[in-house]
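Fold and contact review
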Amino acid sequence: MSTETDSPSIFSRIVAREIPATILAETDRVIAFPDIAPKAPVHVLVVPKTERYRDVVELAAGDPGLLAEVVEVAKSLADELTDGDFRLIFNTGPNAGQTVFHVHAHVLGGGLEEGTLG
Ligand code: 5GP
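You'll find the chain entered in an unreviewed UniProt entry as Histidine triad (HIT) family protein, with Herbiconiux ginsengi given as the organism.

**Observations regarding the overall build of the chain**
Within the chain one finds three helices and five strands. In sequence order, the secondary structure elements of the chain are arranged as α-β-β-β-α-α-β-β. Taking 13 Å as the expected radius of gyration for a compact globule of 118 residues, we find that the chain reaches 13 Å, a close match to that expectation. With the principal axes as the frame, the chain shows a C-alpha extent of 35 × 30 × 30 Å. Per-residue burial over the chain gives 25% buried out of 118 residues. Taking contacts inside the chain between residues at least 6 apart in sequence as the whole, the part at least 24 apart equals 58%.

**Quick word on the pairing of strand β5 (residues 105–109)**
Burial within β5 is extensive, with five of its five residues counted as buried. Burial along β5 is two-sided: the face carrying Ala105, Val107 and Gly109 and the face carrying His106 and Leu108 are both buried. Two elements, strand β3 (residues 42–48) and β5, share five bridges in a ladder whose sense is antiparallel. Following the sheet pairing, Val42 is matched in β5 by Gly109. Strand direction decides the pairing type here: strand β4 (residues 87–89) and β5, joined by three bridges, are antiparallel. Note on β5: the bridge partner recorded for Leu88 is Val107.

**Things to note about the confidence of the model for the chain**
If pLDDT is low for a region, its predicted coordinates should not be looked at in detail. Chain-level pLDDT for the chain is 93 on average; 92% of the residues reach the 70-or-more range. In the predicted complex, the global pTM is 0.94; the interface-specific ipTM is 0.99.

**A look at the UniProt feature "active site" (unreviewed entry) in the chain**
Sites flagged by UniProt as "active site" (unreviewed entry) map to His104. With respect to the secondary-structure elements, His104 resides in the loop between β4 and β5. Take His104: there are 26 C-beta atoms within 10 Å of it, and that puts it in the buried class. Residues within four places of His104 in sequence aside, it is in contact with Phe11, Leu45, Val46 and Val47.

Thresholds, definitions, all that
Residues numbered from 1 in each chain as written. Predicted model: local features only at pLDDT ≥ 70, side-chain atom pairs only at ≥ 80, totals over all residues. Helix = DSSP H or I, 4+ residues; strand = E, 2+ residues; numbered from the N terminus. Rg over C-alpha atoms; globule rule 2.2 N^0.38 Å. Buried ≥ 20, exposed ≤ 12 C-beta atoms within 10 Å, placed from the backbone. Contact = placed C-beta atoms within 7 Å. Pairing = 2+ DSSP bridges. pLDDT = per-residue confidence, 0-100. UniProt positions renumbered as here; feature names shortened; annotations may be inferred.

Below, the structure is given as structure tokens:
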């Protein structure tokens, strides 16, 4: 399991191609790949390449343009992989289920249960 002090993070190691992943989208600053333990028919992680920001609160404060790029990549993948509707989840803090402290968005879509947040 990852800890708060992991560096480089598991996602930085995917960016560096040290850990394999199927890259679904990549820009200069963002990368996206399927979650290894999917919680929905489509479950993709969209990750800023920098591990400077541990969570979405830090990212929004430090580089709102990069946060906007994460959302743009999420939307574009949802258009490609689902009917275009999706959930965008940023677990923020260990008590909210965050296990990797390198900010990332979960994009969930395709056959989601209605009326639930989980
Ligand atoms: P968090 O719990 O921090 O919000 O999300 C971390 C996510 O990273 C989890 O859903 C977990 O399944 C995923 N994950 C952890 N290690 C790997 C890995 O090596 N490859 C991929 N593709 N996903 C991973």
